[in-house]
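What follows is each chain in one-letter form.
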Amino acid sequence: MIYLDNAATTFPKPPQVLREVQKCLSSYCGNPGRGSHRLSNAAGEKIFEVREQVSDFFGCENSENVVFTLNDTYALNLAIKGFLHPGDHVIISNFEHNSVYRPIRAMADCGLIKFSIFDALAPDTVGQIEKLIRKNTRAVIVNHTSNVCSLTLPVEKIGELCRKHKMIFILDAAQSAGHEEIHMEKMGIDVLCAPAHKGLMGIQGCGLLVLREGLSLPETVIEGGSGVNSLEWQMPDQLPERLEAGTLPTPAIAALGEGIKFVRSVGTDEIKKHLANLFVLSLDRLSSINGVKIYAPKHQGSTLLFTVSGIPSDTVAAHLDSCGICTRSGFHCCPSGHNVLGTPEDGAVRVSFGIFNRESDTDALYRAVKELVF
Amino acid sequence: MYYQNCTASLGSQTRAIKAQHILTRASIPCTVVATTVQDGKRGCGYGVEFPCSMLSQVKTILEQNKVAVREYSGGDRSL
């Protein structure tokens, strides 16, 4: 099998990640922050250790600002609904995943907020955003790297703009965490949301919400047990527990810790280079096939989107699957991006590379796609 | 050998473990403990227990490391 759906979730995982999950489940998986017996403390210790790793990896000053969630979508919802107030205006790009677009749209439909959309493919990103700023613009929310194509936005410049206009900068790093160098302080990121199971090489069941030190406390969206002040009616006012209602996914958090160590051992620059090389090889090969159209080819990254003339994207992906190649067809939870790229009717096929893919995988992809057009 | 213990109430387990790491690095023996009342907030919570003889050092170190302590109290257990 050749796995080319790493934008959905990376596969396989490094062996040390699997070993840590097994170790966790067999030797220290108590309920962290609940009680103070040895197993609860051992789980709490592991979670603290991973919080420190995450804050260090993303350039966040205080590990207490690292909030573990169930996934990136939960993190984004906590950020969006926790920081936006009635009457606020927010700016997003036209390449947002539904995990941003839907909560924003739901709040707007209730009359709570208003939003504007900028064109992420336009050359002057910052200028595009600046034109949309209003007096009540509270936040800018952008997808660092698109999950549809290889578009990556200039985060540092957007961060600078947000600081200048005192807007909260919320970054969805679903596709970039582990593939791009991200430093919250240096890049002016106020809120970073990311999944553990993609570029950070953890497993499913864990996401991250990382808040810049000094940011005001967000409102809670989910309330429940926190292991702190349990006789009080309100959630605690200290992070991370304020935003971590319910039991944490300790095995997935432990896996994330090993995933980050793995990413660090390879280096994000090396990973990026490797993925870009696979992208370019595939771009060259697929472009040479009559009837194959590549979308946003000027941008280099880990995700390549294409269609085959006259063949529905589902059929192409099913054919590739029959050849042992896993890709994803359709709209990738990003209808707006597909609209912009001109694939709103049938979607397209997405190939997304991971650290364990090899150049030979691009040969196999080329051969399998070529079979379709003859 | 027995010591009179004191407790720094810190709220969450996260903050208690953080304090424990910082104090351990400074060679101050301490343990994470569960507490039930902290600075008027009722219910479960966590703190670190340490020899009362080291109270002033603990206060200084935690303050230097920006660890917010809810309250200090005298303990009745021995390390």
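Everything discussed here concerns the structure shown above.
These lines cover the structure that appears in this document, whether it is placed above or below. This structure is a prediction, so every number in the text was calculated from the model and none was measured.

Some points on the overall build of chain B
Here is step 1 of the chain: Looking only at helices and strands, chain B features 2 helices and 4 strands.
Here is step 2 of the chain: Its helices and strands in sequence order give chain B the pattern β-α-β-β-α-β, from N to C terminus.
Here is step 3 of the chain: Buried positions account for 41% of the 79 residues belonging to chain B.
Here is step 4 of the chain: For chain B, long-range pairs separated by at least 24 residues make up 71% of all intrachain contacts whose partners lie at least 6 apart in sequence.

Quick look at the packing of helix α2 (residues 38–57) of chain A against helix α1 (residues 13–25) of chain B
Any two packed helices are characterised by the angle at which their axes cross and by the distance between the axes.
Here is step 1 of the chain: Two elements in contact, α2 of chain A and α1 of chain B, have axes separated by 10 Å at closest approach and are oriented at 80°. Taken together, the axes of α2 of chain A and α1 of chain B lie roughly perpendicular to each other. Of the residues in α1 of chain B, those in contact with Gly44, Glu45, Phe48 and Arg51 of chain A of α2 of chain A are Gln13, Thr14, Ile17 and Lys18 of chain B.
Here is step 2 of the chain: Grouping the amino acids of the contact of α2 of chain A with α1 of chain B by side-chain chemistry returns 2 nonpolar, 3 polar and 3 charged.

Examining unusual backbone geometry
Here is step 1 of the chain: Geometrically, the link from Phe11 of chain A to Pro12 of chain A is a cis peptide bond, its omega value of -5° lying close to zero.
Here is step 2 of the chain: Along the chain, the position of Pro12 of chain A falls in the loop between β1 (2–3) and α1 (15–28).
Here is step 3 of the chain: Cis rather than trans, the peptide bond between Leu239 of chain A and Pro240 of chain A has omega equal to 5°.
Here is step 4 of the chain: Locating Pro240 of chain A in the fold gives a position in the loop between β8 (207–211) and α8 (250–266).
Here is step 5 of the chain: Positive phi outside glycine occurs at Met201 of chain A, with the angle close to 70°.
Here is step 6 of the chain: Among the secondary structure elements, Met201 of chain A is positioned in the loop between β7 (191–195) and β8.
Here is step 7 of the chain: Within the chain, Lys66 of chain B stands out as a residue other than glycine whose phi angle is a positive 55°.
Here is step 8 of the chain: Within the secondary structure, Lys66 of chain B sits in the loop between α2 (55–64) and β4 (71–74).

Section: the sheet that holds strand β2 (residues 66–69) of chain A
Residue and element names in this part refer to chain A.
Here is step 1 of the chain: The strand order across the open sheet built from 7 strands is β2-β8-β7-β6-β5-β3-β4, with neighbouring strands paired in mixed fashion. In this open sheet, the two edge strands, each paired with only one partner strand, are β2 and β4 (114–118). The sheet shows a mean angle of 20° between the axes of neighbouring strands, taken without regard to direction.
Here is step 2 of the chain: Taken together, the 5 bridges between strand β5 (residues 137–143) and strand β6 (residues 168–172) define a ladder with parallel strand orientation. Residue Ile141 lies in a different strand from β6, and its bridge partner there is Ile170.
Here is step 3 of the chain: Where helix α6 (residues 155–164) meets the sheet, its contacts fall on β5 and β6, and the angle it forms with β6 comes to roughly 155°.

Digging into the interface of chain B and chain A
Here is step 1 of the chain: In this assembly, 16 residues from chain B lie in contact with 20 residues from chain A.
Here is step 2 of the chain: Contributions of two or more residues to the side of chain B that touches chain A are made by α1, β2 (31–38) and β3 (41–51) of chain B.
Here is step 3 of the chain: Among the elements that take part in the side of chain B that touches chain A, β3 of chain B stands out by supplying 6 residues, more than any other.
Here is step 4 of the chain: Split by residue class, the side of chain B that touches chain A holds 6 nonpolar, 6 polar and 4 charged.

A closer look at the nonpolar core
Residue and element names in this part refer to chain A.
Here is step 1 of the chain: By size, the foremost hydrophobic cluster in this structure holds 122 residues, and its most contacted members are Leu192, Cys193 and Leu209.
Here is step 2 of the chain: For this core, the two domains that each supply at least three residues are domain 1 (2–9 + 268–372) and domain 2 (15–266).
Here is step 3 of the chain: Filtering out sequence-adjacent residues up to four positions away, Leu192 remains in contact with Phe58, Leu171, Ala173, Ile182, Met184 and Val210.

Rules behind the numbers
Throughout, a residue's number is its position along its own chain's written sequence, starting from 1. In the order they appear in the text, chains get letters beginning with A and ligands get numbers beginning with 1. Local features are withheld for residues below a pLDDT of 70 in this predicted model, meaning they are given only at 70 or higher, and side-chain atom pairs are given and counted only at 80 or more; totals for whole chains, interfaces and linings count all residues. Helix and strand assignments come from DSSP, with helices taken as H or I runs of at least 4 residues and strands as E runs of at least 2, each series counted from the N terminus. We call a residue exposed when 12 or fewer other C-beta atoms sit within 10 Å of its C-beta, buried when the count reaches 20 or more, and partly exposed for counts in between; the C-beta positions come from the backbone. Each residue is represented by a C-beta atom placed from its backbone, and any two residues with such atoms within 7 Å are regarded as in contact. Here an angle of 0 to 180 degrees is reported between the N-to-C directions of two axes, which are lines fitted to C-alpha atoms, with helices fitted over the stretch in contact. Roughly parallel here means an angle under 35 degrees, roughly antiparallel means over 145, roughly perpendicular means 65 to 115, and every remaining angle is called oblique. Three classes are used: nonpolar for Ala, Val, Leu, Ile, Met, Phe, Trp, Tyr, Cys and Pro, charged for Asp, Glu, Lys and Arg, and polar for all others, with Gly counted as polar. DSSP bridges decide pairing: two strands pair if at least two such bridges lie between them. We call a set of buried Ala, Val, Leu, Ile, Met, Phe, Trp, Tyr and Cys residues a nonpolar core when their C-beta atoms link them within 7 Å. Domain limits in this description derive from either an automatic procedure or a database domain assignment.

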